[in-house]
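Here is how the chains run, residue by residue.
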Amino acid sequence: LNKILELINSNIANPDFSVNGLSSDLGISRVHLYKKTLALVDKTPIELIRLVRLKKAAELLLTGQYTVSEISYEVGFSDPRYFSKMFKNEFGKLPSKYKEEQSGKK
């Protein structure tokens, strides 16, 4: 799992990084990767890649240094609208609202 997360994090800004790239870098088949990630974290490889990217985006949002669009590109999403949609699916609110609420808690 550590190796998988390390590879995802090292390719986080690459929008072309996919399950194929991850399985190739690990030297295992897509099917084996799918079974491994499902057994370890109860997520498919694509869900795990997306989750790691979204968690990194949440961290970057709290720094206040970047706009939502900049963050979406920084974590490997090529479409800020799609990024916002996926962020809302994961965290229950849009990135700007998340940033606003989290900043208020500090």
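Everything in this summary refers to the structure shown in the same document. (Residues numbered from 1 in each chain as written. Predicted model: local features only at pLDDT ≥ 70, side-chain atom pairs only at ≥ 80, totals over all residues. Heavy atoms only, no water.)

**A few points about the overall build of the chain**
Quick note on the threshold: Only runs of H or I of at least four residues qualify as helices and only runs of E of at least two qualify as strands under DSSP, and these elements are numbered from the N terminus. For the radius of gyration, the atoms used are the C-alpha atoms, and the globule rule reads 2.2 Å times the number of residues raised to 0.38.
Each helix and strand counted, the chain has seven helices and zero strands in total. For the chain, the sequential pattern of α-helices and β-strands runs α-α-α-α-α-α-α. A compact globule built from 106 residues would reach a C-alpha radius of gyration of about 13 Å, and the chain, at 14 Å, matches this within 12%. Each of the three principal axes of the chain carries a C-alpha extent, and together these read 45 × 25 × 20 Å.

**Some remarks on the side chain of N11**
Stated precisely, the cut-off is as follows: Polar contact is the term for a pair of N or O atoms within 3.5 Å; when the atoms are in protein, one must be able to donate a hydrogen and the other to accept it, and sequence-neighboring residues count only if both atoms are side-chain atoms. Residues are treated as being in contact if the distance between any of their heavy atoms lies within 4.5 Å.
For N11, the position within the fold is in the loop between α1 (2-10) and α2 (19-26). In this structure the side chain of N11 is engaged in a polar contact, spanning 3.4 Å, whose partner is the side chain of S10. What N11 contacts, discounting residues up to four positions off in sequence, is F17, D25 and R53.

**Section: the pattern of salt bridges**
Applied cut-off: Whenever a carboxyl oxygen of Asp or Glu lies within 4 Å of a side-chain nitrogen of Lys or Arg, that contact is scored as a salt bridge.
With the rule as written, the count across this model stands at two salt bridges. Here K97 and E100 are joined by a salt bridge, their closest N and O atoms 3.8 Å apart. Of the two residues, K97 and E100 both sit in helix α7 (residues 95-105), three residues apart, roughly one turn of that helix.

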